[in-house]
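Fold and contact review
Read off the chains here:
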Amino acid sequence: FVTTFSSQFAKMIEVPVLPWEKIDWSDERVQKIYLDWGVFNTHKQQLDIAANYYDKSLELKADDARALVYRSLCKRDIAQTEGALEDALAALGE
């Protein structure tokens, strides 16, 4: 719940919670969930959404080679060739 204040009274506003936010998942589990959502959206050709999920996954584990490869392929498909190359090289450890 988030509390907001009006000029005279405080009122409660319920903020929507994503299903995986209801459980206190470890960062490792959340990172894998984001990666899975990225792969799911890639298969649906929703590449901007997929790239966002890959970014969130890599925020939690920047050296995840699998996430870097998937994001590289996604960036290639949306014509971000320089970013795709950087991710591919990072996945190789170069």
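See above for the structure.
The structure contained in this document is the topic of the report that follows. (Residues numbered from 1 in each chain as written. Predicted model: local features only at pLDDT ≥ 70, side-chain atom pairs only at ≥ 80, totals over all residues. Heavy atoms only, no water.)

1. A short note on the overall build of the protein chain
Across its full length, the protein chain carries four helices and two strands. In the protein chain, the succession of α and β elements from N to C terminus is β-β-α-α-α-α. For the protein chain, the proportion of its 94 residues judged to be buried stands at 29%. Pairs at least 24 residues apart make up 25% of the contacts formed inside the protein chain by residues separated by at least 6 positions. For the protein chain, the computed accessible surface area is about 6,900 Å², with 55% contributed by carbon and sulfur atoms. (Helix = DSSP H or I, 4+ residues; strand = E, 2+ residues; numbered from the N terminus. Buried < 20%, exposed > 50% of the residue type's maximum accessible area, 1.4 Å probe, protein only. Contact = heavy atoms within 4.5 Å. Areas by Shrake-Rupley, 256 points an atom, 1.4 Å probe, with all protein chains shown as cover.)

2. With respect to unusual backbone geometry
At Gln-45, a position not held by glycine, the phi torsion is positive, near 65°. On the secondary structure map, Gln-45 appears in the loop between helix 1 (27-43) and helix 2 (47-60). Phi angles above zero are rare outside glycine, and Ala-79 is one such case at about 65°. Relative to the assigned elements, Ala-79 resides in the loop between helix 3 (65-77) and helix 4 (81-92). Under the relative-accessibility criterion, Ala-79 is labelled exposed at 65%.

3. Observations concerning the packing of helix 2 against helix 3
Following both chains from N to C, one finds helix 2 and helix 3 inclined at 150°, their axes separated by 10 Å at the closest point. One finds that helix 2 runs roughly antiparallel with respect to helix 3. For the element pair helix 2 and helix 3, the recorded crossing hand is left-handed. For the pair helix 2 and helix 3, contact is made by Leu-47, Ala-50, Ala-51, Tyr-54, Asp-55, Ser-57 and Leu-58 and by Ala-67, Leu-68, Tyr-70, Arg-71, Cys-74 and Asp-77, respectively. Of the residues contributing to the contact of helix 2 with helix 3, the split by class is nine nonpolar, one polar and three charged. (Axes fitted to C-alpha atoms, helices over the stretch in contact; angles between N-to-C directions. Parallel < 35°, antiparallel > 145°, perpendicular 65-115°, else oblique. Left-handed = near helix turned anticlockwise from the far one by under 90°. Nonpolar A, V, L, I, M, F, W, Y, C, P; charged D, E, K, R; others polar.)

4. Quick notes on a nonpolar patch on the surface
Together, Leu-85, Leu-89 and Leu-92 make up a nonpolar patch on the protein surface, roughly 290 Å² of accessible area in all. Its location among the elements puts Leu-85 in helix 4. (Patch = residues over 30% accessible without salt bridge, like charges linked within 9 Å, V, L, I, M, F, W, Y side chains within 5 Å. Salt bridge = Lys/Arg side-chain N within 4 Å of Asp/Glu carboxyl O.)

5. Brief notes about the pattern of salt bridges
Applying the stated rule across the entire model yields five salt bridges. A salt bridge links Arg-71 to Asp-55, with the nearest nitrogen and oxygen atoms 2.8 Å apart. Note that Arg-71 is positioned in helix 3 and Asp-55 in helix 2, a separation of 16 residues in sequence. By relative accessible area, which is 14% here, Arg-71 ends up buried. A residue is classified by how much of its surface remains accessible, and Asp-55, at 32% relative accessible area, is partly exposed. The shortest N-O distance in the salt bridge between Arg-76 and Asp-77 comes to 3.3 Å. The class for Asp-77 is partly exposed, based on a relative accessible area of 44%. Connected through shared salt-bridge partners, Asp-55, Arg-71, Lys-75 and Asp-87 make up one network.

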